[in-house]
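Architecture and fold: a report
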Amino acid sequence: MADQYLTSTDDFEAVLAEAPSVLTVTDEELTIRFVSPAIERVLGYDMDSLVGTNWLDLVHPEDTDRVRATLAGERDDDGTEYRFRNADGDWVWLETIVATDTETDRDFRVFTSRDVSDRPRFEAQFHQFVTHTSDVLTVFDGQGSVEYISPSVERVLGYEQDEMQDSDLFEYVHPDDLSNALTEFGRMIDDPGYVAVIEHRYRHADGDWIWAESRGQQVASGPLEDHVVVTTRDISERKQREEELKRQNQRLERFSDAISHDLRNPLDVLDGSLELARETGEEAHFERAERSIDRMYTLIDDLLVLAKQGVDPAEIETVDLNALSQQAWSMVDTQDATLTTDAADTIKADEGAMLELLENLFRNAIEHGGDDVTVTVGTESWGFYVTDDGAGFHDGTADLFEPGYSTADEGTGFGLCIVEQIVDAHNWEVIATDSESGGARFEFICCDN
């Protein structure tokens, strides 16, 4: 059993040489009286060569005062990290821990030191990560106060890190989303195992609302015990794609409804006309069947536009509304109708979609206002308008934009539905009202232009 214990000085020195830390004994002036053999492996020095030198002579000048205070017992902490020159002349990072039972009345200091150079390197890498990541990392205490927020907040949300460090972050959450955000945060506090995923609007430094996703959980143990760590990222593009997908699904639903409903009537007429034509051979039944076929072709053309209509953000550009109106007018059978343009400003829009919108409004004005109707296109501070001096809205405006709704015998009922769809794709608003002359007036609110 004796071989389980250190039986000689050589054994003791061997253990000290292989220890991960360097044991040092100094006098009260921090002159080295003893240093363990590990000094050669850790810092490259011969242990005897350092005896009689002052430990502080090898400490980086910027760290000297702090190290002196720690080793002299003038600081509350018993350890510190600092730069220390090794035998090659390079600066390495040391962590030194002072023995708490050092007998200061005997005028010596005992401490252990180990190379922690990788730790500052890791901290630098971590700093780069939290600065350049697409997420904002936030650490809250149990009351919801911010203890740390990563530098990436400036790039992601536009705010200075110091500014947000002392802020109530819930003040930046959209009022409509605040209640849910507070409820989810409370659940993280009450249930350490609960992982919250919160989608909310957040006020960017430029004043705009962006969509953000925050994921967080309370830390159960370690230095951040009882704190809540949350990562937040900008998901505005994802929400935009989701909204576009929602609009596409709505268009497909309208398309499906129209196929099942609006095409059924001319098909029924065609079926009945062909049956009568077979029985009687009268030309009138064939003519009625042909009109039904023409009607279906017209419906199909409008339905295809309804199904495909969308706006690619990359296609949004500044367009000349006067020139675009003239172009759309030339593509419509205007008969004796007149177009007047009074657009003082340009607008931002998808040119192809705008042509479709104007063409449908012009056809609608002529179908309902008569062959000699006058149509006017103009701009206001809030957007643009299209108005006419025709008959106006006899049945009100409640059902105007419903697919299949039309008061004209030859109308398909999809023209204004397509107009509304183009408006939605641009994130505009359309208002139908009476014009000053008693005709129809469509106002397009697009203030961002």
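All values reported here derive from a predicted model rather than from experimental measurement. (Residues numbered from 1 in each chain as written. Predicted model: local features only at pLDDT ≥ 70, side-chain atom pairs only at ≥ 80, totals over all residues. Heavy atoms only, no water.)

1. A closer look at the overall build of the protein
To keep it simple, the criterion reads: Under the scheme used here, helices are H or I runs from DSSP no shorter than 4 residues and strands are E runs no shorter than 2 residues, and both carry numbers assigned from the N terminus. Burial here depends on accessible area, computed with a 1.4 Å probe over protein chains only, as a share of the maximum for the residue type. Under 20% is buried, over 50% is exposed, and the range in between is partly exposed. Only heavy atoms enter the contact rule, under which two residues are in contact if any of them lie within 4.5 Å. In this description, accessible areas are obtained by the Shrake-Rupley approach with a 1.4 Å probe, and a residue is regarded as covered only by the protein chains that are shown.
What the protein contains, in helices and strands, is 14 helices and 17 strands. Taking all 449 residues of the protein together, 42% fall into the buried category. Considering only contacts within the protein whose residues lie at least 6 apart along the sequence, 53% involve residues at least 24 apart. With the model as given, the accessible surface of the protein reaches about 25,000 Å², and the carbon-plus-sulfur share is 46%.

2. Comments concerning the nonpolar core
Stated precisely, the cut-off is as follows: Residues enter a nonpolar core if they are buried and are Ala, Val, Leu, Ile, Met, Phe, Trp, Tyr or Cys, with the set joined through side-chain atoms within 4.5 Å.
Counting residues in each nonpolar core, the largest one holds 39 residues, and the members touching the most others are M354, L357, L358, F362, F384, F442 and F444. Elements with a contribution of two residues or more to this core: α12 (321-330), β13 (347-350), α13 (351-369), β14 (374-380), β15 (383-388), α14 (415-425), β16 (429-434) and β17 (440-445). With nine residues, α13 is the single largest residue contributor to this core. Ranked by size, the runner-up nonpolar core spans 24 residues in total, among them Y159, V173, Y194 and A212.

3. Quick notes on the pattern of salt bridges
Quick note on the threshold: Salt-bridge detection follows one rule: a side-chain nitrogen of Lys or Arg within 4 Å of a carboxyl oxygen of Asp or Glu.
Across all of its chains, the model carries 16 salt bridges by this definition. Two residues, E199 and K239, come together in a salt bridge whose shortest N-O distance is 3.2 Å. Taken as a pair, E199 in strand β8 (residues 196-203) and K239 in helix α9 (residues 236-261) lie far apart in primary sequence, 40 residues in all. Taking relative accessible area as the criterion, E199 reaches 33% and is therefore assigned partly exposed.

4. Here we look at the sheet that holds β8
In a beta sheet, neighbouring strands are held together by backbone hydrogen bonds and run either parallel or antiparallel to one another. Let me state the cut-off plainly: The pairing criterion is simple: DSSP has to find at least two bridges between the two strands. All axes here are fitted lines through C-alpha atoms, helices being fitted over the stretch that makes contact, and every angle between N-to-C directions spans 0 to 180 degrees.
Reading across the sheet, the five strands line up as β7-β6-β10-β9-β8 and stay open at both edges, with antiparallel pairing between neighbours. In the strand order of this sheet, the two ends are held by β7 (146-149) and β8, each with one partner. Pairwise comparison of adjacent strand axes, ignoring direction, gives a mean angle of 25 degrees for this sheet. Here β8 runs beside strand β9 (residues 209-218); their pairing, made up of eight bridges, is antiparallel. Paired with V197 across the bridge in β9 is R215. Across the sheet, helix α8 (residues 175-190) lies against β6 (135-140), β8, β9 and β10 (228-234), angled at about 145 degrees from β8, the strand it touches most.

5. Details of empty space enclosed by the protein
Heads up, the condition is: Any residue with an atom within 4 Å of a point lines the site, the site being either a cavity, points on a 1 Å grid over the protein atoms alone where a 1.4 Å probe fits but cannot get out, or a pocket, an open set with protein on both sides within 12 Å along at least 5 of 7 lines. Grid points are joined across faces, edges and corners, and a volume is the space filled by probe spheres set on the points. Three residue categories are used. Nonpolar comprises Ala, Val, Leu, Ile, Met, Phe, Trp, Tyr, Cys and Pro, charged comprises Asp, Glu, Lys and Arg, and polar comprises the others, including Gly.
Tallied over the entire structure, the rule returns two cavities of 30 Å³ or more. Approximately 250 Å³ is the volume attributed to the largest cavity. Surrounding the largest cavity, 21 residues form its lining, F140, H200, S214, V230 and T232 being those nearest its centre. For the lining of the largest cavity, the secondary structure elements donating two or more residues are β6, α8, β8, β9 and β10. Among the elements that take part in the lining of the largest cavity, β8 stands out by supplying four residues, more than any other. Grouping the amino acids of the lining of the largest cavity by side-chain chemistry returns 15 nonpolar, five polar and one charged. By volume, the second largest cavity amounts to about 50 Å³. Considering the residues around the second largest cavity, the lining is formed by L361, F362, N364, A365, V375, V386, T387, D388 and F442.

6. Observations concerning α13
Keep this limit in mind: Expected helix span is taken as 1.5 Å per residue step, with the number of steps being one fewer than the number of residues.
Between its first and last C-alpha, α13 extends 26 Å over 19 residues, near the 27 Å set by a 1.5 Å rise per residue. Listed as buried for α13 are A353, M354, L355, L357, L358, E359, N360, L361, F362, N364, A365 and I366. Phi turns positive, to about 105 degrees, at G370, one or two residues after α13.

7. Here's the deal with helix α4 (residues 64-71)
Three- or four-residue spacings in an α-helix give side chains the same orientation, since the helix completes a turn every 3.6 residues. Those residues of α4 not exposed but buried are T64, V67, A69, T70 and L71. Of the residues trailing α4, G73 is marked for its positive phi of about 75 degrees.

8. Brief notes about unusual backbone geometry
The phi dihedral of L30 is positive, around 70 degrees, even though this residue is not glycine. Its location among the elements puts L30 in the loop between β1 (22-27) and β2 (32-35). Non-glycine residue D226 carries a positive phi angle of around 70 degrees. Mapped onto the elements, D226 comes out in the loop between β9 and β10.

9. Comments concerning the packing of aromatic side chains
How we decide: Aromatic contacts are taken between Phe, Tyr and Trp rings whose centres are within 6.5 Å, Trp giving its six-membered ring; a plane angle under 30 degrees counts as stacked, one over 60 as edge-to-face, and the others as tilted.
According to the stated counting rule, one finds 11 aromatic pairs in the structure shown. Both rings, one in Y82 and one in F84, keep their centres 6.4 Å apart while their planes meet at 70 degrees; by these two values the pair is edge-to-face. We note that Y82, like F84, is buried. Here the aromatic rings of F384 and W428 are separated by 5.6 Å at their centres, their planes lie at 80 degrees, and the arrangement is edge-to-face. Linking F384 in strand β15 with W428 in the loop between α14 and β16, this pair joins segments that are 44 residues apart in sequence. Taking the relative accessible area as the measure of exposure, F384 reaches 0% and is therefore buried.

10. Concerning the sheet that holds β17
One open sheet accounts for five strands, arranged β12-β14-β15-β17-β16; its pairing is mixed. Edge positions in the open sheet fall to β12 (338-342) and β16, since each of these has one partner strand only. Between one strand and the next, the sheet's axes are offset by a mean angle of 15 degrees, whatever the strand orientation. Where β12 and β14 come together, five bridges link them in parallel fashion. Within β14, the residue paired with T341 across the bridge is V377. Of the strands in this sheet, β12, β14 and β15 touch α12, which is tilted by about 165 degrees from β12. Relative to β15, α13 is tilted by about 25 degrees, and along the sheet it contacts β12, β14, β15 and β17.

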